[in-house]
Amino acid sequence: MGGHCLEECSQAEGLPGRVYNAADRAHTIPHDCRGAAMPTAEGQTLPMFANPGAPLLMLMDGHAMVHRSFHAISAQGHLTVSATGEDTTAIVGFANTFLRALQDWKPTYCAIAFDTSAPTFRHIQFEQYKAQRASMPPELRPQFDRVKQLMAGFGVPIFECEGYEADDIIGTLSRQAEEQGIDTIILTGDRDTFQLITPGVRVDLSYSIQNRKVYDEVELAARYSGLTAAQQPDFKALLGDTSDNIPGVPKVGEKRAIGLLTEFGDLEGVFANLEHVKPPSVKLSLEENRERAFENRILMTIDRNTPVELDPGPSRFGVYDRTSVVDLLTELKFFSVIPRLPVPASETPVSSSSPGEKPLETRPAVDVDYQAVQTEDQLQAMLAALQENAG
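K.L.:
Break down the nonpolar core for me, citing the residues and quoting the values.
P.N.:
Counting residues in hydrophobic clusters, the biggest one holds 47 residues, and the most contacted among them are Phe-194, Leu-238, Val-252, Leu-260 and Leu-286. When sequence neighbours within four positions are dropped, the list of residues in contact with Phe-194 reads Val-203, Leu-205, Tyr-215, Leu-220, Tyr-224, Ala-229 and Gln-232. Counting 43 residues, the second largest nonpolar core, distinct from the first, contains Met-60, Met-65, Phe-114 and Val-156.

K.L.:
Would you mind going over the packing of aromatic side chains in detail, with residue names and values included?
P.N.:
Applying the stated rule across the entire model yields 13 aromatic pairs. Taking 5.5 Å as the distance between ring centres and 40° as the angle between the ring planes, the aromatic pair formed by Phe-271 and Phe-294 counts as tilted. Here Phe-271 is found in helix α9 (residues 267-272), whereas its partner Phe-294 is found in helix α11 (residues 290-300), with 23 residues between them in sequence. Following the ring pairs from residue to residue traces out a cluster consisting of Phe-94, Phe-98, Phe-154, Phe-317 and Tyr-320.

K.L.:
An account of the environment of Gly-318 is requested, with residue identities and associated values reported.
P.N.:
Inspection of the secondary structure assignment puts Gly-318 in the loop between β11 (308-311) and α12 (322-331). Judged by its relative accessible area of 1%, Gly-318 is buried. As a C-alpha pair, Gly-318 and Val-343 span 25 residues in sequence and 7.7 Å in three-dimensional space.

K.L.:
For the confidence of the model for the chain, give the residues involved together with the corresponding values.
P.N.:
Chain-level pLDDT for the chain is 81 on average; 76% of the residues reach the 70-or-more range. Counting contacts from residues 10-38, a segment whose pLDDT is below 50, to residues more than four positions away or on other chains yields 90 contacts. Confidence over residues 349-374 falls short of pLDDT 50; this stretch has 51 contacts with residues more than four positions distant or in other chains.

K.L.:
Describe the pairing of strand β6 (residues 109-113), with residues and values.
P.N.:
The element β6 is extensively covered by neighbouring structure, given that 5 of its 5 residues are classed as buried. Of the two faces of β6, both are covered, the one formed by Tyr-109, Ala-111 and Ala-113 as well as the one formed by Cys-110 and Ile-112. Two strands pair when backbone bridges link them, and strand β5 (residues 56-61) and β6 are joined in this way by 5 bridges, in the parallel orientation. For Met-58, the partnering residue across the bridge sits in β6 and is Cys-110.

K.L.:
Tell me about α12, and please be specific about residues and values.
P.N.:
Since the α-helix turns once every 3.6 residues, residues separated by three or four places project in the same direction. Of the residues making up α12, those classed as buried are Arg-322, Val-325, Val-326, Leu-328, Leu-329 and Thr-330. After α12 finishes, the residue Lys-333 shows a positive phi value of roughly 65°.

K.L.:
Report on the pattern of salt bridges, specifying residues and quantitative values.
P.N.:
Evaluated as defined, the whole model comprises 14 salt bridges. In this structure, Glu-219 engages Lys-213 in a salt bridge whose closest nitrogen and oxygen atoms are separated by 3.3 Å. On the basis of relative accessible area, Lys-213 is assigned to the partly exposed category, the value being 33%. Close ionic contact of Arg-223 with Glu-254 constitutes a salt bridge, the shortest N to O distance being 3.0 Å. In this pair, Arg-223 sits in helix α6 (residues 217-223) while Glu-254 sits in helix α8 (residues 254-264), placing the two residues 31 residues apart along the sequence. Its relative accessible area of 32% is what places Glu-254 among the partly exposed residues. When salt bridges with common partners are traced through the structure, they connect Glu-86, Arg-146 and Glu-331 into a single cluster.

K.L.:
Could you give me a rundown of the packing of helix α4 (residues 141-153) against α12, with the residues and numbers involved?
P.N.:
The geometry of α4 relative to α12 is characterised by a closest axis approach of 8 Å and an angle of 155° between their N-to-C directions. When the axis of α4 is compared with that of α12, the two are roughly antiparallel. Crossing handedness for the pair α4 and α12: left-handed. Residue-level inspection shows Arg-146, Gln-149, Leu-150 and Gly-153 of α4 in contact with α12, the latter providing Ser-324, Val-325, Leu-328, Leu-329 and Glu-331. Partitioned by chemical class, the residues of the contact of α4 with α12 number 4 nonpolar, 3 polar and 2 charged.

K.L.:
Kindly report on the packing of helix α1 (residues 62-74) against α4, identifying the contributing residues and their values.
P.N.:
Packing of α1 against α4 brings their axes to within 11 Å, and their N-to-C directions diverge by 120°. When the axes of α1 and α4 are compared, the pair comes out oblique. Handedness of the crossing formed by α1 with α4: right-handed. Contacts from Gly-62, His-63, Val-66, His-67 and Phe-70 of α1 reach α4 at Gln-143, Phe-144 and Val-147.

About the cut-offs
- Residues numbered from 1 in each chain as written.
- Predicted model: local features only at pLDDT ≥ 70, side-chain atom pairs only at ≥ 80, totals over all residues.
- Heavy atoms only, no water.
- Core = buried A, V, L, I, M, F, W, Y, C linked by side-chain atoms within 4.5 Å.
- Buried < 20%, exposed > 50% of the residue type's maximum accessible area, 1.4 Å probe, protein only.
- Contact = heavy atoms within 4.5 Å.
- Phe/Tyr/Trp six-rings, centres within 6.5 Å; stacked < 30°, edge-to-face > 60°.
- Helix = DSSP H or I, 4+ residues; strand = E, 2+ residues; numbered from the N terminus.
- pLDDT = per-residue confidence, 0-100.
- Pairing = 2+ DSSP bridges.
- Salt bridge = Lys/Arg side-chain N within 4 Å of Asp/Glu carboxyl O.
- Axes fitted to C-alpha atoms, helices over the stretch in contact; angles between N-to-C directions.
- Parallel < 35°, antiparallel > 145°, perpendicular 65-115°, else oblique.
- Left-handed = near helix turned anticlockwise from the far one by under 90°.
- Nonpolar A, V, L, I, M, F, W, Y, C, P; charged D, E, K, R; others polar.

So this is what it looks like as structure tokens:
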């Protein structure tokens, strides 16, 4: 499920691999073909998709995941390579999240999307969009390239597209996947993607390095008192988003926004029934901020027609250059991560590449961690990892 951006976007430079610009219900995660229950590494259970035989695409919001890893870990102290001083705080957090997700979800396909530094259509429409955000810490910026290097080593397609955000790319790819009968799990730390949830799309939301929650339609409705994914842009339009510097409608908080949309359905319904809105101060605020609310909804709505395209094949997960990944992890001194790497597909039998086949197992069938040691560097990394685990 590799992909490419269309004419507006071009291939990124200087990165190896395929890099492209452009209340009583079982919550279980599948094993094998995602048809039987299996707990996560943390002992949690996750929502099963409606069609457990369908292949699964794991889409990652690289921008959100790297930022969340950096800020969560750096709050306790930065991680660096002692010999070079290189900051690896975000990289190690991202790597751990990625490997955990592989173990939990066993995706058939993988892809990752990043924001670019170029203004988006949202910046053009609303000049103050994200204007309040501080500059990126200088030690964080190079870690994005390291994460991309790691993804390239795993053979995971990287999508970037000027004028659009990672959420837009993810929304487009998840729509195209659904049209092809492929389920999608979205890894992110951003609630904006809740609007993408469907019977075939879930959001695996990370609150911190260790805490996460998976949202399907039922969990979303439980969190927002019955609101659906389709109502999320209207909800956020009324509420605003301080993280994006988007002001909401004064006097309309979360509880009142949910009440309005529960009663009237969407913004059109709310403003068509202002005479029924109470108290008068809220009615007046809505009257005075009608234009803001509708403009907000445009800003809050993920563009699911971004110029990117799914290309069956290249993003099928499993075949990757393990030596390249081990070399990078060794350079970064992530010795304890190496034993957790999945077995490359080239070392396991694969019967076909049709969309309906079972997802690749990313671990051996038995609960034993075999590792192929082929070079001196790999041997030293393995010994170091064993020593660290023994300590």
